[in-house]
Amino acid sequence: MAKRPSLGRGLAALLPAAAVVTASDIQEIPLSQISSNPYQPRLKFVEAELNELAESIGRHGVLQPILVTPTATGYQLVAGERRVLASRRAGRETIPAQIRQLDDRTVLAVALVENVQRAELDPIEKARALARLREEFGATQEDLAQEIGVSRAQVANLLRLLALPSAVQEALQAGDLSLG
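The notes below deal with the structure included here.

Rules used throughout
- Residues numbered from 1 in each chain as written.
- Predicted model: local features only at pLDDT ≥ 70, side-chain atom pairs only at ≥ 80, totals over all residues.
- Heavy atoms only, no water.
- Helix = DSSP H or I, 4+ residues; strand = E, 2+ residues; numbered from the N terminus.
- Buried < 20%, exposed > 50% of the residue type's maximum accessible area, 1.4 Å probe, protein only.
- Areas by Shrake-Rupley, 256 points an atom, 1.4 Å probe, with all protein chains shown as cover.
- Axes fitted to C-alpha atoms, helices over the stretch in contact; angles between N-to-C directions.
- Parallel < 35°, antiparallel > 145°, perpendicular 65-115°, else oblique.
- Contact = heavy atoms within 4.5 Å.
- Nonpolar A, V, L, I, M, F, W, Y, C, P; charged D, E, K, R; others polar.
- Arc of directions from axis to C-beta.
- Pairing = 2+ DSSP bridges.
- Salt bridge = Lys/Arg side-chain N within 4 Å of Asp/Glu carboxyl O.
- Left-handed = near helix turned anticlockwise from the far one by under 90°.

Time to look at the overall build of the protein chain. Along the protein chain, the regular secondary structure elements total eight helices and five strands. Helices and strands appear in the protein chain in the N-to-C order α-β-β-α-β-β-α-β-α-α-α-α-α. With 180 residues in all, the protein chain has 43% of them scored as buried. Element-wise, carbon and sulfur atoms account for 50% of the exposed surface of the protein chain, whose accessible area totals about 9700 Å².

What follows deals with the packing of helix H5 (residues 123-137) against helix H8 (residues 166-174). It is at 7 Å that the axes of H5 and H8 come closest, and there the two elements cross at 115°. In terms of orientation, H5 lies roughly perpendicular with respect to H8. Taking contact as the criterion, the partners of Pro 123, Ile 124, Glu 125 and Arg 128 in H5 are, on H8, Gln 169, Leu 172 and Gln 173. Tallied by class, residues from the contact of H5 with H8 come to three nonpolar, two polar and two charged.

All right, on to helix H7 (residues 152-160) then. By the burial criterion, the buried members of H7 are Val 155, Ala 156, Leu 158 and Leu 159. Seen along its axis, H7 keeps its buried residues to an arc of 165°; they face one direction.

With that settled, consider the sheet that holds strand E4 (residues 74-79). Strand pairing in a sheet takes place through backbone hydrogen bonds and is either antiparallel or parallel in direction. The sheet built from five strands is open, its strands ordered E1-E5-E3-E4-E2 with mixed pairing. In this open sheet, the two edge strands, each paired with only one partner strand, are strand E1 (26-30) and strand E2 (34-35). Pairing between E1 and strand E5 (residues 94-99): five bridges, direction antiparallel. Across the sheet, Glu 28 pairs through a bridge with Pro 96, a residue of E5. In this fold helix H3 (residues 81-89) packs onto E2, strand E3 (66-71), E4 and E5, with an angle of close to 125° to the strand it touches most, E4.

Under the criterion given, the structure shown has five salt bridges. Arg 89 serves as the salt-bridge partner of Glu 47, at 2.7 Å between the closest nitrogen and oxygen. You can see Glu 47 sitting in helix H2 (residues 47-60) and its partner Arg 89 sitting in helix H3, a full 42 residues away along the chain. A relative accessible area of 39% places Arg 89 in the partly exposed class. For Glu 55, the salt bridge goes to Arg 59, with nearest N and O atoms at 3.0 Å. One end of the pair, Glu 55, and the other, Arg 59, are both in helix H2, four residues apart, so they sit about a helical turn from each other.

In the sheet, E3 pairs with E5 via three bridges, with the strands oriented parallel. Bridging across to E5, Val 68 finds its partner in Ile 99.

This part is about the packing of H2 against H3. The geometry of H2 relative to H3 is characterised by a closest axis approach of 8 Å and an angle of 65° between their N-to-C directions. Taken together, H2 and H3 sit at an angle that is classed as roughly perpendicular. Considering the relative orientation of H2 and H3, their crossing is right-handed. Seen from H2, the contacting residues are Glu 47, Glu 49, Leu 50, Asn 51, Leu 53, Ala 54 and Ile 57; seen from H3, they are Arg 82, Arg 83, Leu 85, Ala 86, Ser 87 and Arg 89.

Summarising the element assignment, Ala 129 is placed in helix H5. On a C-alpha basis, the gap between Ala 129 and Ala 111 in space is 9.1 Å, while along the polypeptide they are 18 residues apart. Beyond its immediate sequence surroundings of up to four residues, Ala 129 is in contact with Pro 41, Leu 108 and Leu 112.

Geometry only, nothing functional implied.
Printed below as a string of structure tokens:
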């Protein structure tokens, strides 16, 4: 099986303290207290894959904890959207989670990196997430490149995709066109 391309540095670079996680760092938290990540770059989830994950979680439980940040009313999801959705489908009431206090910029960057590492985002989803980091947090292309571990040219090329006509963007998202 071929290795998926990643954005470079990975989650450990964005969350250095998370590089070594012990069992005491993980807590079971109620799924009902988790709100979705407003910075989630993935907008489409494949139903068949979610159903397969829900079946696996029903049999074996959640094998890797999600990452959340505390809010006034519970927790905001940072990484692990598919695991949360599948856990709900599997009828679970709680999920293992690592709880970290994170700012909005880190939440968006972690969500982007986590999605690319776990299941490939399409080029338009990547571009939109980068554009959101740039617009909401005033990040330059160089800042974005350093934040996610890619070249500035790669960031610029992805951002240029958003200037393409919507029909071309849709073809890229559907996989009918490649970046090449």
